[in-house]
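What follows is each chain in one-letter form.
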Amino acid sequence: MRSLLPAVAEQLFQDIQKTYQETSQIPDDLLIALKFVFGSCALQALDLVDQRSVTCLTSPSGRKAFQVMGGSGHLYTCFLSCHYCPCPAFAYSVLRRNQDLLCKHILAVYLCQAMAATQQESVSDQQMSTLLSPTGTP
């Protein structure tokens, strides 16, 4: 699923997952690596994880989306399958300037998955279609 990320990021998430499963913590060396690879959004993403801001929405048809409550209180619907977040930072820093690998919202989703800290919610296929629609209506 993470084939859009560089191998170093993939390995970092695997190391975090393995260590977190064993110790229920992320050691300092992995936190430093996280900051090195993802820059300033790493701390903000960890804050979102601590606040339990990430929810995985799953529909009966198997579609999956993630909703992240941002620090400003705005709810962002992120899609890992296409590596997308509608936030301004993603549009500017990731897409336009090619300066960051991803925004804090997508990083929080990856971290929550690695730490098994994602809240789960089932939605109907119609609700998922509404989320996937550019206008928000099916």
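All values derive from a computational prediction rather than experimental measurement.

Looking at the layout of surface pockets
Within this model, the largest pocket holds a volume of roughly 160 Å³. In this structure, the largest pocket is lined by 15 residues; those nearest its centre are Cys 41, Gln 44, Ala 89, Cys 103 and Lys 104. Secondary structure elements with two or more residues in the lining of the largest pocket: α3 (41-50), α4 (88-96) and α5 (104-114). With four residues, the top contributor of residues to the lining of the largest pocket is α4. Here the lining of the largest pocket is composed, by residue class, of nine nonpolar, four polar and two charged.

Side note on the UniProt feature "domain: SWIM-type" (unreviewed entry) in the protein
Taking the UniProt record as the reference, the feature "domain: SWIM-type" (unreviewed entry) is found at residues 76-114. The annotated region residues 76-114 carries 51% helix and 8% strand content, and the separation between its end C-alpha atoms amounts to 20 Å.

Regarding the packing of helix α1 (residues 7-23) against α5
Viewed as axis vectors pointing N to C, α1 and α5 meet at an angle of 40 degrees, and their least axial separation amounts to 8 Å. In terms of axis orientation, α1 runs oblique to α5. Listed contacts from α5 to Phe 13, Ile 16 and Gln 17 of α1 are Leu 107, Tyr 110, Leu 111 and Ala 114. Tallied by class, residues from the contact of α1 with α5 come to six nonpolar, one polar and no charged.

Comments concerning the sheet that holds strand β2 (residues 64-69)
With mixed pairing, the four strands of this open sheet are ordered in space as β3-β2-β1-β4. If you trace the sheet from one side to the other, it starts and ends with β3 (75-78) and β4 (119-122), each paired once. Sheet twist, expressed as the mean angle between neighbouring strand axes with direction ignored, is 25 degrees. Across four bridges, the pairing between β2 and β3 is antiparallel. For Phe 66, the partnering residue across the bridge sits in β3 and is Cys 78. Its contacts with the sheet place α5 against β1 (54-58), β2 and β3, and it is angled at close to 115 degrees to β2.

What to know about the environment of Gln 67
Within the secondary structure, Gln 67 is located in strand β2. Separated by 63 residues in the primary sequence, Gln 67 and Thr 130 have C-alpha atoms spaced 14 Å apart. Setting aside residues up to four positions removed in sequence, Gln 67 forms contacts with Ser 53, Val 54, Thr 55, Leu 57, Leu 75, Tyr 76, Thr 77 and Leu 131. Separated by 3.3 Å, the side chains of Gln 67 and Thr 77 make a polar contact.

What about α5?
Within α5, nine of the eleven residues are buried, which leaves it mostly tucked inside the rest of the structure. The set of residues buried in α5 consists of His 105, Ile 106, Leu 107, Ala 108, Val 109, Tyr 110, Leu 111, Cys 112 and Ala 114. Just downstream of α5 lies Ala 116, where phi reads positive at about 55 degrees.

Topic: the packing of helix α2 (residues 28-38) against α3
Remark: α2 packs on α3, axes separated minimally by 8 Å, with the N-to-C direction vectors making an angle of 120 degrees. Taken together, the axis directions place α2 and α3 in an arrangement best described as oblique. Together, Leu 31, Leu 34, Lys 35 and Phe 38 of α2 and Cys 41, Ala 42 and Leu 46 of α3 make up the contact between the two elements. Tallied by class, residues from the contact of α2 with α3 come to six nonpolar, no polar and one charged.

Each value, and the rule that gives it
Residues numbered from 1 in each chain as written. Predicted model: local features only at pLDDT ≥ 70, side-chain atom pairs only at ≥ 80, totals over all residues. Heavy atoms only, no water. 1 Å grid on protein atoms, 1.4 Å probe; cavity = no way out; pocket = protein on both sides within 12 Å on 5 of 7 lines; lining within 4 Å. Points joined across faces, edges and corners; volume = space filled by probe spheres on them. Helix = DSSP H or I, 4+ residues; strand = E, 2+ residues; numbered from the N terminus. Nonpolar A, V, L, I, M, F, W, Y, C, P; charged D, E, K, R; others polar. UniProt positions renumbered as here; feature names shortened; annotations may be inferred. Axes fitted to C-alpha atoms, helices over the stretch in contact; angles between N-to-C directions. Parallel < 35°, antiparallel > 145°, perpendicular 65-115°, else oblique. Contact = heavy atoms within 4.5 Å. Pairing = 2+ DSSP bridges. Polar contact = N/O pair within 3.5 Å; in protein donor to acceptor, adjacent residues only side chain to side chain. Buried < 20%, exposed > 50% of the residue type's maximum accessible area, 1.4 Å probe, protein only.

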